[in-house]
Each structure stands twice: as C-alpha cells, then as structure tokens.
Amino acid sequence: MMKVEAPNCDYGGTMKAIEAVDALTVKFTLCTPDPAFPYKIAGDSFAILDADYLNETGGDSNKISEDPVGTGPYKLKEWKRGESITFEAFADYWGEKAKTPTAVLRWSKEAAQRLLELQSGNADGMSNVGPDDFETVEKDADLKLIEVPAANIFYIGFNNTIPPFDDDRVRLAFAYGIDRQRIVDDYYPRGSVVATSFVPTSFAVGASPNVPWHEYNPEKARELLKEAGKENLEVTLTYRDVVRGYLPNPGIVAQEIQAQLKEIGVNVKIEVKESGAFLDAVTAGKEAFYLLGWGADYPDATNFLDYHFGPENKQFGKPYDDIVALLKEGASTADLAKRQAAYDKVNELLKKYVPMIPVAHGGSALAFRADVEGAHANPVSALVFAVMAPPRDTFVYVQNAEPISLHCADESDGETFTACAQIYETLLRFKLGTAEVEPALAESYESNADLTEWTFKLRPGVKFHNGATLDANDVVATMAAQWDAKNPNHKGRTGSFEYWTAYFGSFLNAQ
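Residues numbered from 1 in each chain as written. Predicted model: local features only at pLDDT ≥ 70, side-chain atom pairs only at ≥ 80, totals over all residues. Heavy atoms only, no water.

Enquirer: Can you break down the packing of helix α11 (residues 301-309) against helix α12 (residues 321-331) residue by residue, with the values?
Expert: Any two packed helices are characterised by how steeply their axes cross, that is the angle between the axes, and by the distance between the axes. Between α11 and α12, the least distance of the axes is 10 Å, while the angle of their chain directions is 150 degrees. One finds that α11 runs roughly antiparallel with respect to α12. Relative to α12, the crossing made by α11 is left-handed. Residue-level contacts link Thr302, Leu305, Asp306 and Phe309 of α11 to Ile323, Val324, Leu327 and Ala331 of α12. A class-by-class count of the residues in the contact of α11 with α12 yields 6 nonpolar, 1 polar and 1 charged. (Axes fitted to C-alpha atoms, helices over the stretch in contact; angles between N-to-C directions. Helix = DSSP H or I, 4+ residues; strand = E, 2+ residues; numbered from the N terminus. Parallel < 35°, antiparallel > 145°, perpendicular 65-115°, else oblique. Left-handed = near helix turned anticlockwise from the far one by under 90°. Contact = heavy atoms within 4.5 Å. Nonpolar A, V, L, I, M, F, W, Y, C, P; charged D, E, K, R; others polar.)

In structure tokens, the structure reads:
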C-alpha cells in the first residue's frame, strides 16, 4: 500500500503523512490541528484521479485535459476549443445517474448575451445575471432567478516588491483615495455591501467590524503621495474581463477607479489581460496593481485569509511574517474566541500594511428556464449538472468564460471548476445549495481528538471512466502528485498547485 511522509514538520507544510491503511482506508496525518480539514478536502482541486492514469499522463494538465478520467456522473464527450464542452452521462456511475443524457457548457463574457440565450431557449441556465437584469428575469414567467449570498470579496491588489507599491505610503494613499461606497452604489446589484474586512461578515470568525477600513479621504491621500515624493504618479491597473459575483462590471469599475485616482493626481493606464495569463501572472507575483476577488470555497476565515496572506502566496509580494504567525494561531484551534482574537490582529495589520484594498462583497444571481427541475445555486462550490433536468435531452449552461483546463489540481478559476465538477469527485462534497460537507467518494470519515489525524473509509465499487476501480492508492497518488515536488506527476499546467500550498503550506521536497 502507498504512503508518502515527511521526515518531520520542519519543511514548512502542515501535512505530515498520507497513507493507504488498506484498500479502502486512507489516513491523513497533520503537523497541527486543522478544524477546517473536511472543508478543504472537499474542494474541487482535490478530485481523485486513477493512479495508473496519473502515471500515464505524468500529471500533465494538457494531456489530462484531452481525455480526463474521473468518477463523476458525466464524462467528457468533446471539447470544442473556444466554443463548448459536451458531457455525456457515465453509465457505470456509482450514485444516482445524471438526469439528462447530455450536458453542454458554453461561455460568453457578456451578461446580455447570456440572458438572450436563456430567453430564446438556446440555454437552460446562465451564470452571473447582469446587475440591471435581476428584475427582467423576475418578471419573465419563462425564467427563474436564484440569488447567491455575498460570500466573496472584491479587492484591489498591490505587490509590495514592485515600485511604486514597495512604498507603504503609496498603498495607503490609494486606500484613502478610493471611494468604495461610490463603487458599490453605482455598479453593484442588490445584496451587495461595502467590505469592511477581507472576510465576509456573515462568517462565524474572521471579519472585524471593530477594525473598520480606512475612510475615503482624498486630501489625506494627496498628502501621503506628496510625502512619498510620488506626485503625478503614473501606474498601470490590470484586470481580466471576466464577470464574477464579486465583480459584476470589471471594465466599468476599472474606469471608475481610474477616474477616482485621477482626483488625487494619479494617472492610471488600464490594461486588460486574458484570464488564464492574468491569473498566472498574479500567482507568480508579477502584477503590480490589479483587480481581483475571491469566492468562498468553504465558510471559514482560513479560506480567505490563509489562502491570500499565508507564507506561500506571492501575489502581494513579500509575505508579512507577523500576519503569517497570527494566521497559524487562528487556524490551529477550534475555540472561536481565540480565533477571532487572532483575526482581529490580522485585520489591524492588513489595515496597516495595505497589501490590498477590500472593496465589496458582491450580491449575484443565476438564472434558469422555469421548467428546469433541480435548478440550484451552490454558495461555495460548482453547480452539479447531473441533478438538473429540463424537459429536454440536453441541459445547456452558459457561463462567463472558457475553462482553462480539465485538471483542476493546478487551477484556481471558477469556470474551470464548473467543468471539472461534472467529471471528477472528491472524498467529501458540499450538499447542494449549502456549505455543509457530506460523504462522496469516502462514505465516512473521522478524526482523532486533537484534529491531527483524519481517516476516510472509501466507498467500495466506485468506477473511473476508464474502467479502473477506486482504491486508497488512488487517493494517495492524487495527493502526492500535488504535495511532493519530486513526485514524477507533480507537473500540472503551471506547477503552482495554488490550493495545496494555500491550504497545507510548502511542498514536500521543494527546492
């Protein structure tokens, strides 16, 4: 049976060992307690692959995307690049079979175009209804609107190693110089609020209403820029033209920020980048000043704070050691009061350092044809096409953008996760329409008292799309490919495996 283990916990990660105890039992041993572990392992990036298939492809996302092999209710039929992805029901699926034989995923970056497809009957569902179209959908008897809670954050990011943002005063000046309330009032739909913390206030811990963000004060912004010798500053603002619940009007918001910063003497050049290239550049710490956001993968502060401000994240430049230490403190106990105390200090330091400006928690909505049974919106995970049933043989869904690949271990993009979620499965999954986890490929799980050992009992008889049968070695091989930098399958698309390092720290055997 397979086992991968760190010699000790000095390498910088929180994973100590992953072991196939027997054919259907897998044990994860952690260096520190982790109350959020079930949520983390339910993420789409930790979908289980067949070990032999992983070896055949060498963990190469390009090869895997050509012929993805999962255990999900759908398997890939065809990916017409730039046009659509077609899925067909998997006859040997272990659970309830897909309600519709065929599902098609298409994309269009324009909300109006997506709505037109829905209204005309060419699509059964669409993502991200335009902020001005909520009422249009509600008043159309042939459609239905499903609003999504604002469990997200839109922020303006800086890299503290790239001039002029290596000067704390410049970042602080921008924080004073941007009127976040005006942005939310003018460009966001109902259900949206100005962000007072990076973590949504609806979470049990993480947000700090007692540590409010900097108030809009353009005069103070101009004083700081003058003090820094950065008057008449010229900078480039980058973003991707992809609509999200946290950023429903990216181009217009970028222009608004450009106009606001002009008022404090900053000339902003706007640059739009292709989505995948933009995310890769941000992840690699190569973007100086940018618009980005985050939707919850699970309802805990660690998903927002640890992911972005942990020791392995390069997007804001050099991590802040005092923040990293407090995040570790907050994540290693289940005591909510102790956790909040640590996060209050984190929020004070974020306000001091300004690695980003939290702008909004955006309300959003999906829309469906009224006759689609099982239509739903998941607050922290991708839609499940298999449970949706229009009175037609094909379910068609239109989202904002094309998936980047069909190997989600090395991706962090929501559009990619939508496609992966139809093909692959994880040990645990989120119940439809909720943020609660339930068994999936594991039929049960348990932890020891101090939350450092998590044992999963796999569901017997689960088949992969290639006919292989799921066992514990598949789980170890899947996780090892992400964790161990010397594993021959540790390749992916960029090699970042961003979710792994965000959730579990450094790679094993990293250089």
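Enquirer: Would you mind going over the pattern of salt bridges in detail, with residue names and values included?
Expert: Considering all chains together, one arrives at 30 salt bridges under this definition. Of the charged contacts, one joins Arg169 and Asp167 as a salt bridge, the two residues approaching to 3.0 Å between their closest N and O atoms. Overall, the relative accessible area of 31% leaves Arg169 in the partly exposed class. With a shortest N-O distance of 3.0 Å, Asp280 and Arg493 are connected by a salt bridge. Residue Asp280 is located in helix α10 (residues 275-283), and its partner Arg493 is located in the loop between α15 (472-483) and α16 (498-504); the two are separated by 213 residues in the primary sequence. Classification of Asp280 by relative accessible area gives partly exposed; the value is 27%. One connected set of salt bridges, linked through shared partners, spans Asp167, Arg169, Glu227 and Lys230. (Salt bridge = Lys/Arg side-chain N within 4 Å of Asp/Glu carboxyl O. Buried < 20%, exposed > 50% of the residue type's maximum accessible area, 1.4 Å probe, protein only.)

Enquirer: Requested: an account of the sheet that holds strand β6 (residues 102-107), with residues and values cited.
Expert: Pairing within the open sheet is mixed, and its 7 strands lie in the order β4-β5-β6-β16-β7-β15-β8. Edge positions in the sheet fall to β4 (74-80) and β8 (143-148), since each of these pairs with one other strand and no more. Direction of pairing for β8 relative to strand β15 (residues 364-369): antiparallel, over a ladder of 6 bridges. Residue Leu143 lies in a different strand from β15, and its bridge partner there is Arg369. (Pairing = 2+ DSSP bridges.)

Enquirer: I'd like to hear about the pairing of strand β3 (residues 25-30), residue by residue, with values.
Expert: With 5 of its 6 residues buried, β3 lies for the most part within the structure. Where strand β2 (residues 15-22) hands over to β3, the hairpin turn is made up of 2 residues, counted between the paired strands. In this sheet, strand β20 (residues 453-458) lies alongside β3 in antiparallel orientation, the contact comprising 5 bridges. Residue Thr25 lies in a different strand from β20, and its bridge partner there is Lys457.

Enquirer: Give a detailed account of the nonpolar core, specifying residues and quantitative values.
Expert: Ranked by size, the top nonpolar core spans 150 residues in total, and within it Phe28 and Phe174 carry the most contacts. Residues in contact with Phe28, not counting those within four places in the same chain, are Met15, Ala17, Ile18, Phe37, Ile41, Leu427, Thr452, Glu453, Trp454, Phe456, Val475 and Met479. Counting 10 residues, the second-largest nonpolar core is a separate cluster that includes Val129, Val137, Ala365 and Ala367. (Core = buried A, V, L, I, M, F, W, Y, C linked by side-chain atoms within 4.5 Å.)

Enquirer: Break down unusual backbone geometry for me, citing the residues and quoting the values.
Expert: Residue Pro164 is bonded to the preceding Pro163 through a cis peptide linkage, with omega at 5 degrees. Residue placement: Pro164 occurs in the loop between β9 (152-158) and α6 (168-177). Here Asn128, not a glycine, exhibits a phi torsion of approximately 45 degrees, which is positive. Tracing the backbone shows Asn128 in the loop between β7 (125-126) and α5 (134-139). Positive phi values are uncommon outside glycine, yet Val354 reaches one of about 50 degrees. Within the fold, Val354 resides in the loop between α13 (336-353) and β14 (356-361).

Enquirer: Describe the sheet that holds β2, and please don't skip the residues or the numbers.
Expert: Spatial ordering of the open sheet is given by β1-β2-β3-β20-β19, a layout of 5 strands whose pairing is antiparallel. The open sheet terminates on both sides in strands that have one partner only, identified here as β1 (3-5) and β19 (442-447). In this sheet, adjacent strand axes meet at a mean angle of 15 degrees when their direction is disregarded. Bridge analysis of β1 against β2 gives 3 bridges, and the strand direction is antiparallel. Residue pairing for β2: Lys3 is matched across the bridge by Glu19. Sitting on the sheet, α15 touches β1, β2, β3 and β20, and the angle it makes with β2 is about 160 degrees.

Enquirer: Account for the side chain of Glu425, naming residues and giving values.
Expert: Tracing the backbone shows Glu425 in the loop between α14 (414-423) and β17 (428-430). For the buried residue Glu425, which engages in no salt bridge, the nearest side chain bearing the opposite charge is Arg429, 4.2 Å off. Among the polar contacts made by the side chain of Glu425, one reaches the side chain of Tyr93 at a distance of 2.5 Å. Every residue in contact with Glu425, bar those within four places of it in the chain, is listed here: Ala47, Ile48, Thr71, Gly72, Pro73, Tyr93, Trp94 and Leu441. (Lys, Arg positive; Asp, Glu negative; His and termini not counted. Polar contact = N/O pair within 3.5 Å; in protein donor to acceptor, adjacent residues only side chain to side chain.)

Enquirer: I'd like a rundown of helix α9 (residues 250-262), residues and numbers included.
Expert: Here α9 is 13 residues long and its end C-alpha atoms lie 18 Å apart, about the 18 Å a rise of 1.5 Å per residue gives. Of all the positions in α9, only Pro250, Gly251, Val253, Ala254, Glu256, Ile257, Gln260 and Leu261 are classed as buried. Buried residues along α9 sit against β9, α6, α7 (180-187), β11 (234-240), β12 (267-273) and β13 (289-295). (Expected span 1.5 Å × (residues − 1).)

Enquirer: Quick rundown of empty space enclosed by the protein? Include the residues and the values.
Expert: With the rule as written, the count across this model stands at 5 cavities of 30 Å³ or more. Volume-wise, the largest cavity comes out at about 110 Å³. Lining the largest cavity are Leu279, Asp280, Thr283, Ile404, Asp410, Glu411, Ser412, Asp413, Arg493, Thr494, Ser496 and Glu498. Taken together, the residues of the lining of the largest cavity sort by class into 2 nonpolar, 4 polar and 6 charged. By volume, the second largest cavity amounts to about 100 Å³. Around the second largest cavity, the lining comprises 15 residues; the ones closest to its centre are Ala47, Leu49, His407, Ala409 and Thr478. The element contributing the most residues to the lining of the second largest cavity is α15, with 3 residues. The class makeup of the residues in the lining of the second largest cavity is 8 nonpolar, 6 polar and 1 charged. (1 Å grid on protein atoms, 1.4 Å probe; cavity = no way out; pocket = protein on both sides within 12 Å on 5 of 7 lines; lining within 4 Å. Points joined across faces, edges and corners; volume = space filled by probe spheres on them.)

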